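Structural overview
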Amino acid sequence: MTTQQPHIIFIITDQQRYDTIAGLGFDFMETPHLDRLIREGTHFSQCHVAGASCVPARSSLFTGYYAHTTGILKNADKWRHTWVENLADAGYTCINVGKMHTWPLDTPAGFHQRYVVENKDRFLEGRFFFDDWDRSLAARGLVKQQRVQYRQMPDYRKKLGAFEWLLPADAQSDNFIADRACWWIETAPPTEPLFLQIGFPGPHPPYDPTPDYLQRYIDKKLPIEKVNEDDLKGQPPPFHALREHNVEIDHDSLVHQLNPTDADRHRQRAHYLANVTMIDDGIGKILNQLKTKGYLENTIVIFTSDHGDCMGDHGHSQKWTMYDQVTKVPMIVWAPGKVPAGKHIDALIQPMDVVPWLLKEANANLPEGIESESLEDAFSTQNWAGREAVYCEQGRDNILTDVEFMTMIRTKDWKLVHFLNAPYGQLFDLKQDPLENHNLWNSNDHQSIKQDMLNKMFNWRMQSQLKTQNVFQDYR
């Protein structure tokens, strides 16, 4: 099966940190299939998301615009249009299996078919939306594991969202996604060209690997950073409120702890990493099925995640902050003959920067005023410069309650986090303090750096406004 337009397989996990893949230098991991994509493709080691929670990050990636341009600042903000529509217009058959997190959840978004699977444990948004996974479980007479059941456990509040999947292994959400994708590839008539987006719900909490995968990590020595007291003292008031909120409310079956034991943190991390290895094996199954059906002969495979997870680092649960544990994600591009094998690029990029190159390869039109900066030259240029800075945004939501609007600007050496209409913020010297433990916002010795970063951020917003002034002109 060959075609001038390449098939595109776009795999995105939910809440996967950068330090979770052996091939990226983390040898405590077991990820042979992602390691293969790294060996045979190109990976970017400084890819930073544009949103600090699912929908702002995903909508930026799948539109090519920043959150302030789309107006999608938090989860459940309406999101219906994507550049998948451009691929459909260019002749692609567009299929989604798994999580996209559009709103409404079943919005077509350019896909011809969607097999929607959303959060494992939904309470805030779409609680009674029954997705493809829900319906499959119900047809088998199974009741999904979620907080309704977990709350009955006497040690629920100490679990930190870590539970074993005790139903049949193929009913676990990430195994279900891999099997559903393989079923579609095997069963559907061959289509040219194909765009297949596969969205794994994991390793987002609840962290619920099957017992056999958990056993591979539960006794393994895992690198877990201690929480630094200077770090906690230097955090702005909204982050202290966020920590308390996550102790009081069990988001995603996860009750945060302000002072968890080392054993509790190790157990949580083991569950999370085991879930990543489950997903890696699912990706291996999908790649094998694609090969069997002839789809890998002219194909681009993209692998990334929507954001990371603090996992207790900096004293925080999940996302909603701007630490590298949240903003930095894997970005792997596998396309034999189109991108170099085994190339490592450490220039700053945003996930949406893959879009212009991808659409060009697909002979599809670019969205007007797109804010992505193409990666095309990265594949052929030594010491490619990439972006001077990357940006991340987040609005107030039901979890990050004490913020109007938060913006991060990150260069190679510095990171600044700005809170709208507030006197506080964060400033980190990433050369001297790569773990982001020492907030220099109020340091007299760093006021000129702070002002320079603020100026860069304000100038970026003005340039963005000018570039995208006509994007929504038909809706005025």
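Presented here is an overview of the structure given in this document. (Residues numbered from 1 in each chain as written. Predicted model: local features only at pLDDT ≥ 70, side-chain atom pairs only at ≥ 80, totals over all residues. Heavy atoms only, no water.)

Topic: the pattern of salt bridges
The test is simple: Salt bridge, as applied in this entry: a Lys or Arg side-chain nitrogen positioned within 4 Å of an Asp or Glu carboxyl oxygen. Going along the chain from the N terminus, every DSSP run of H or I of four or more residues is numbered as a helix, and every run of E of two or more is numbered as a strand. The classification of residues rests on relative accessible area computed with a 1.4 Å probe and restricted to protein chains. Under 20% of the type maximum is buried, over 50% is exposed, and intermediate values are partly exposed.
All told, the structure shown has 33 salt bridges when counted by the stated rule. In this structure, D170 and R140 form a salt bridge, with 3.1 Å as the shortest nitrogen-oxygen distance. A residue pair is termed long-range when its members are at least 10 positions apart, and D170 in the loop between α6 (147-150) and α7 (173-187) and R140 in the loop between α5 (132-139) and α6 qualify at 30 residues. Classification of D170 as partly exposed rests on a relative accessible area of 38%. Taking relative accessible area as the criterion, R140 reaches 41% and is therefore assigned partly exposed. Among the ionic pairs, R151 bridges to D250, the shortest N-O distance being 2.8 Å. Taken together, the positions of R151 in the loop between α6 and α7 and D250 in the loop between α10 (237-248) and α11 (262-292) put the pair 99 residues apart, joining distant regions of the chain. According to the relative accessible area criterion, D250 is buried, its value standing at 10%.

Regarding the layout of surface pockets
Formally: In the cavity and pocket records, a cavity denotes points on a 1 Å grid over the protein atoms alone where a 1.4 Å probe fits but cannot get out, a pocket denotes an open set with protein on both sides within 12 Å along at least 5 of 7 lines, and lining residues are residues with an atom within 4 Å of a point. Grid points are joined across faces, edges and corners, and a volume is the space filled by probe spheres set on the points. Gly is put with the polar residues, along with every residue not named as nonpolar or charged; the nonpolar set is Ala, Val, Leu, Ile, Met, Phe, Trp, Tyr, Cys and Pro, and the charged set is Asp, Glu, Lys and Arg.
What the second largest pocket holds in volume is close to 540 Å³. Along the wall of the second largest pocket there are 21 residues; nearest its centre are R17, D19, D324, Q325 and L435. In terms of residue class, the lining of the second largest pocket is built from eight nonpolar, three polar and ten charged.

Section: the sheet that holds strand β10 (residues 405-410)
Threshold: Here a strand pair is declared whenever DSSP counts at least two bridges between the two strands. Inter-axis angles, ranging from 0 to 180 degrees, are taken between N-to-C directions of lines fitted to C-alpha atoms, where helices are fitted over the stretch in contact. Contacts: residue pairs with any heavy atoms within 4.5 Å of one another.
Read from one edge of the open sheet, four strands run β9-β10-β11-β12, paired in antiparallel fashion. Looking at the sheet topology across the chains shown, the edges are occupied by β9 (390-395) and β12 (425-429). Mean inter-strand twist for the sheet, computed between neighbouring axes without regard to direction, equals 10°. As defined by bridge partners, β10 adjoins strand β11 (residues 414-419) across five bridges and the pair is classed as antiparallel. Each bridged residue has a counterpart across the sheet, and for M406 the counterpart in β11 is F419. Running over the sheet, helix α14 (residues 447-467) touches β9, β10, β11 and β12 and is turned about 65° from β11.

Thoughts on the packing of aromatic side chains
Rules: Any pair of Phe, Tyr and Trp rings, taking the six-membered ring for Trp, is counted once the centres come within 6.5 Å. Such a pair is stacked with planes under 30 degrees apart, edge-to-face with planes over 60 apart, and tilted for the rest. A ring is scored as having a charge over it whenever the NZ atom of a lysine or the CZ atom of an arginine sits within 6 Å of its centre and within 35 degrees of its normal.
The final tally for this structure, using the stated rule, is 21 aromatic pairs. When the centroid spacing of 6.3 Å and the interplanar angle of 65° are considered together, the rings of F26 and F28 count as edge-to-face. On the accessibility criterion, F26 (21% relative accessible area) is partly exposed. On the basis of an interplanar angle of 20° and a centroid distance of 5.3 Å, the ring pair of F62 and W83 is categorised as stacked. Taken together, the residues F62 in helix α2 (residues 54-63) and W83 in the loop between α3 (67-70) and α4 (84-89) connect sequence positions 21 residues apart. Here F62 falls in the buried class, since its relative accessible area comes to 0%. Residue W83 is classed as buried on the basis of its relative accessible area of 0%. Site record: aromatic cluster; members linked through ring pairs are F10, F62, W83, F111 and F195. Seen from the ring of Y18, K328 lies directly overhead, with NZ or CZ sitting 4.4 Å from the centre.

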